[in-house]
Amino acid sequence: MARTTSDIVIDAPADQIMAVIADFSAYPVWATGVKTADVVATTDDDRARQVHFVLDAAPIRDEYDLAYVWDADRTVSWRLAEPGSMLTSMDGAYVLEPLDGARTRVTYQLSVDVSVPLLGMLKRKAEKVIIDTALKGLKKQVEAS
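Described in the following lines is the structure provided in the data block. Since this is a predicted model, take the numbers as computed values, not measurements. Per chain, residue numbering runs from 1 following the sequence as it is written. Local features in this predicted model are restricted to residues whose pLDDT is 70 or higher, and side-chain atom pairs enter the listing and the counts only when it is 80 or higher, whereas totals over whole chains, interfaces and linings include all residues. Excluding hydrogens and water, the side-chain values take into account all heavy atoms of the structure.

Before going further, it helps to examine the packing of aromatic side chains. What characterises a pair of aromatic rings is the spacing of the ring centres plus the angle enclosed by the ring planes. Under the pairing criterion, centres of Phe, Tyr and Trp rings, with the six-membered ring standing for Trp, must be within 6.5 Å; the plane angle then separates stacked pairs below 30 degrees from edge-to-face pairs above 60, leaving the rest tilted. Applying the stated criterion across every chain yields a total of 12 aromatic pairs. Between the aromatic rings of Phe24 and Tyr27, the centroid separation amounts to 4.9 Å while the plane-to-plane angle is 35 degrees, which identifies the pairing as tilted. For every residue, the accessible area obtained with a 1.4 Å probe (protein chains only) is divided by the maximum for its type, and the residue is called buried under 20%, exposed over 50%, and partly exposed between those limits. What makes Phe24 buried here is its relative accessible area of 1%. For Tyr27, a relative accessible area of 7% corresponds to the buried category. Taken together through their ring pairs, the aromatic side chains of Phe24, Tyr27, Trp30, Phe53, Tyr64, Tyr68, Trp70, Trp78, Tyr94 and Tyr108 make up a single cluster.

Below you can see the structure in the form of structure tokens.
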């Protein structure tokens, strides 16, 4: 499955950025369209293993669960664990790359499939909008804290 990818540089170290990514209860504050993000199960080190989302990001309104895999403060990846009524597939990742000083490049990779047929071009455009909105929200949230 082809993924759409984009990146942004955030003026913070990787551990601070990953702490914001891992704080699912705060997603409704900065992640556009996320109404709730409730941790269903955690890993041995208290990071989320499964999270239930309620999304209202027109045209997608759905509830679904994502399963997460963490690699320290370097990478977090996810896949759709419990599909919703619209989302049939989702997998993605945040990859954090430390730069000079306390700056970090954050790369977001995403692939989404929905039950409504979308032309490939429209699907990629939707993924790009989701990614760019998420990266800008993440940067704003991290740099404000």
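Turning to the side chain of Asp62, a few remarks are in order. Along the chain, Asp62 falls in strand S4 (residues 60-71). In this structure, Asp62 is buried with no salt-bridge partner, the nearest side chain bearing the opposite charge being Arg61 at 11 Å. A distance of 2.8 Å separates a polar side-chain atom of Asp62 from the backbone nitrogen of Leu87. By definition, residues are in contact when any of their heavy atoms lie within 4.5 Å. For Asp62, the contacting residues outside a window of four places in its chain are Phe53, Val54, Leu55, Gly84, Ser85, Met86 and Leu87. Strands are runs of DSSP state E lasting at least 2 residues, helices are runs of H or I lasting at least 4, and numbering of each runs from the N terminus. Positive charges come from Lys and Arg, negative ones from Asp and Glu, while His and the chain ends are left out of the count. Just to be clear on terms, a salt bridge is a Lys or Arg side-chain nitrogen sitting within 4 Å of an Asp or Glu carboxyl oxygen. Polar contacts, as counted here, are pairs of nitrogen or oxygen atoms within 3.5 Å of one another; within protein the pair requires one atom able to donate a hydrogen and one able to accept it, and residues that are adjacent in sequence qualify only if both atoms are side-chain atoms.

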